[in-house]
Amino acid sequence: MIEEGSEGRGTVDGGQPLRVGVVLSGGQASGGHNVIAGVYDYIKSVHPDSELLGFANGPKGVFTGKYYVIDAAFINAYRNTGGFDALGSGRNKIESPEEFAGARRVCQSLALDGLVVIGGDDSNTNAAVLAEYFAANGCSTRVIGAPKTIDGDLKNDYIPVSFGFDTACKTYSELIGNVMLDCLSSQKYYHFVRLMGRSASHIALECALQTRPNATLISEEVEAEHLSLSQVTHSLVRMILERAKQGKHYGVILLPEGIIEFIPEFQTLMHELNDLMAAGVANTEEAVMRELSFNNRAVFSYLPANIKEQLLLDRDPHGNVQVAKIETEKLLAGTIALELEKIRKYGQYAGVFNPQFHSFGYEGRAGLPSGFDSNYCYSLGLTAGHLIGNGLTSLMVSITGVCGPVEDWKCGGVPLTMMMNMEKRHGKFKPVIRKALVQLEGKPFKILKKRRDKWAVEDCYRAPGPIQFDGPCSQDVNLTLQYEFLP
Ligand code: FBP
């Protein structure tokens, strides 16, 4: 429990001890422990009496005052490890007036000079609101965000990448490469691999560039071209027929978990479902069927029972649909099988379509951080410490130049409010940090587009193998960053 204490001392870099809190927020991402280690090393370098407190189990730990004191033995046991198990994480947010007041009381009582929120877009949105609240209510605790999420969608001109993306993509690419070699050996299955990434398709795109599958669906392209489920199905069926002509009844297809929200008919349906659930309509099939508009009811009623159930799962505390639980790969394989059977009746297909399903998500969020994520996270922590030590608040740590040697990286902070736009959450428009989706004009997608026709029919599979922690490849950054930032 918290002890009563004085106000934050407002120390700046200059030799006085600092008291800082850290909190891990949202989904796990490899490297989080190194952020904490960076903050620890920084504040101890300022003064040996500086203290680091780690709030337990996400933002709830902040307003309830549940924390650990982080000493050298504690942090040394977690340096360069994956997971968020040092403190635990949580998707809870600081939302109600009581929770804001609780957070202020805790931070003031602990005399915190700063609070480092290690989180994604939603957690950093929360950090921005908290920083404003503290400033407006006489609390001198500075709030600094560190960009975390495997999804890779927290990026902009100042934030080249969120931590965890590099490790997650390398982990999934190893698994996909293994599946590809298995597929090529037996030549009897179509493997559907659903990859994590709530909205943006950065993970699917990076894994495709790494492994060269026969097909990759990119949600942003599906949305831009208004492709319906039936059009997406037809494009995959064309690829399957083309391969069948060569006697190939196998292949590997990647899809991002968020794709369902980008297919126009589902987008409209899910928006209405979100609004209904925010308005208190029960999340049962009967209840929503009574309330849905005509077109959405038609789409919903034709869905298989498992997909209906998955679409009705509770939204997360930030109002997001839990796409990680929706088995879109099974929906797609079902529509493909139906289409192939129709074509078979016309005598134009005599193949066998045997789908196998994989969903790679949680296994990529807590592995040992890649060389890049280890260095990046440690630098994020050191920089967060510096920003707090220099009296700054409401910033996200910004490190640029990350494709070059670490010695040349440029470290600083960027205002959290600069990254915000209005989005509908729980049925209401709110300011939130803008998600960075895959840019269809960007180099990574253009490279995929240029190469994918060849990959569709030929077997150009690449199995990159496990993450390297030593040797010449250990510091390689992912291809997305390389294509975006290197000539
Ligand atoms: P963050 O944005 O909090 O980093 O989480 C991202 C993510 O891993 C998504 O890719 C995935 O859809 C979601 O978390 C899964 O959430 P949960 O861990 O609550 O099942």
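Our subject is the structure that appears above.
What counts, and at which threshold
Counting restarts for each chain: residues are numbered from 1 in the order of the written sequence. Local features in this predicted model are restricted to residues of pLDDT 70 or higher, and side-chain atom pairs are both shown and tallied only at a pLDDT of 80 or more, whereas totals for entire chains, interfaces and linings draw on every residue. Calculated side-chain values reflect all of the structure's heavy atoms, with hydrogen atoms and water omitted. Secondary structure counts use DSSP, requiring at least four H or I residues in a row for a helix and at least two E residues in a row for a strand, with both numbered from the N terminus. Partly exposed residues are those whose accessible area sits between 20% and 50% of the maximum for their type, while under 20% is buried and over 50% is exposed, using a 1.4 Å probe and protein chains only. Contacts are assigned to residue pairs with any non-hydrogen atoms lying within 4.5 Å of each other. Think of a polar contact as two N or O atoms within 3.5 Å of one another; within protein, one of them needs to be a possible hydrogen donor and the other a possible acceptor, and neighboring residues in sequence only count if both atoms come from side chains. We define proximity as follows: a residue is near a molecule or strand when any one of its heavy atoms falls within 4 Å of that partner. Axis definition: a line fitted to C-alpha atoms, limited for helices to the stretch in contact. Angles are taken between N-to-C directions and run from 0 to 180 degrees. Small angles under 35 degrees read as roughly parallel and large ones over 145 as roughly antiparallel, with 65 to 115 read as roughly perpendicular and the rest as oblique. Handedness of a crossing follows from how the near helix is turned relative to the far one, being left-handed for an anticlockwise turn of less than a right angle and right-handed for a clockwise one. Classification used: nonpolar for Ala, Val, Leu, Ile, Met, Phe, Trp, Tyr, Cys and Pro, charged for Asp, Glu, Lys and Arg, polar for all others including Gly. Cavities and pockets are defined on a 1 Å grid built over the protein atoms alone: a cavity is a set of grid points where a 1.4 Å probe fits but cannot escape, while a pocket is an open set with protein on both sides within 12 Å along at least five of seven lines, and lining residues are those with an atom within 4 Å of any such point. Grid points are joined across faces, edges and corners, and a volume is the space filled by probe spheres set on the points. Two strands qualify as a pair provided DSSP detects at least 2 bridges between them. The term salt bridge refers to a pairing of a side-chain nitrogen on Lys or Arg with a carboxyl oxygen on Asp or Glu at a separation within 4 Å.

**Some details on the environment of Gln 187**
- Note that Gln 187 resides in the loop between helix H6 (165–186) and strand E6 (190–195).
- With relative accessibility at 42%, the residue Gln 187 sits in the partly exposed group.
- For the pair Gln 187 and Lys 446, spaced 259 residues apart in the sequence, the C-alpha separation amounts to 30 Å.
- Beyond its immediate chain neighbours, meaning those up to four positions away, Gln 187 contacts His 249 and Tyr 250.
- Within the structure, Gln 187 has its side chain in polar contact with the backbone oxygen of Leu 184 (distance 3.2 Å).

**Brief notes about the site of the ligand**
- Lining the immediate environment of the ligand, one finds 15 residues, of which Gly 27, Arg 91, Asp 151, Glu 257 and Tyr 362 sit closest.
- The side chain of Asp 151 places a nitrogen or oxygen atom 2.6 Å from an oxygen atom of the ligand.
- Within the side chain of Lys 325, a nitrogen or oxygen atom sits 3.3 Å from an oxygen atom of the ligand.

**Section: the packing of helix H7 (residues 202–211) against helix H16 (residues 443–457)**
- At a minimum axis distance of 10 Å, the contact between H7 and H16 shows a crossing angle of 50°. With respect to H16, the element H7 is oriented oblique. Here the hand of the crossing between H7 and H16 comes out left-handed. For the pair H7 and H16, the contacting residues are Leu 205, Ala 208 and Leu 209 in the first and Pro 444, Phe 445, Ile 447, Leu 448 and Trp 455 in the second.
- For the contact of H7 with H16, the class distribution of residues is eight nonpolar, no polar and no charged.

**Focus on empty space enclosed by the protein**
- In the structure shown here, the tally under the stated rule is two cavities of 30 Å³ or more.
- Lining the largest cavity are 15 residues, and of these Pro 59, Ile 94, Val 117, Ser 123 and Asn 126 lie nearest its centre.
- Going through the elements one at a time, strand E4 (114–119) and helix H5 (121–136) are the ones with two or more residues in the lining of the largest cavity.
- Among the elements that make up the lining of the largest cavity, the one with the highest residue count is H5 (five residues).
- Looking at side-chain class alone, the lining of the largest cavity contains eight nonpolar, five polar and two charged residues.
- Considered as a void within the structure, the second largest cavity measures approximately 40 Å³ in volume.
- In terms of residue count, the dominant contributor to the lining of the second largest cavity is helix H17 (residues 479–485) (three residues).
- Taken together, the residues of the lining of the second largest cavity break down into four nonpolar, three polar and two charged.

**Points about the sheet that holds strand E3 (residues 67–70)**
- Read from one edge to the other, the open sheet built from seven strands follows the order E3-E2-E1-E4-E5-E10-E11, with strand pairing classed as mixed. Each edge of the sheet is formed by a strand with only one pairing partner; in this case those strands are E3 and strand E11 (410–415). Along the sheet, successive strands turn relative to each other by an average axial angle of 30°, direction set aside.
- Note: strand E1 (residues 19–24) against strand E2 (residues 51–55), four bridges, orientation parallel. Looking at E2, one finds that Gly 21 is bridged to Leu 53.
- Strands in contact with helix H1 (residues 32–46) are E1, E2, E3, E4 and strand E5 (142–147); relative to E1, the strand with the most contacts, it is inclined by about 175°.
- The sheet contacts of helix H15 (residues 371–389) involve E1, E4, E5, strand E10 (395–400) and E11, and relative to E10 the element is tilted by about 130°.

**Describing the pattern of salt bridges**
- With the rule as written, the count across this model stands at 18 salt bridges.
- In this structure, Asp 459 and Arg 243 form a salt bridge, with 2.9 Å as the shortest nitrogen-oxygen distance. Of this pair, Asp 459 sits in the loop between H16 and H17 while Arg 243 is found in helix H9 (residues 229–245), placing the two residues 216 residues apart along the sequence.
- According to the relative accessible area criterion, Asp 459 is partly exposed, its value standing at 27%.
- Accessibility expressed as a relative area gives 0% for Arg 243, which makes it buried.

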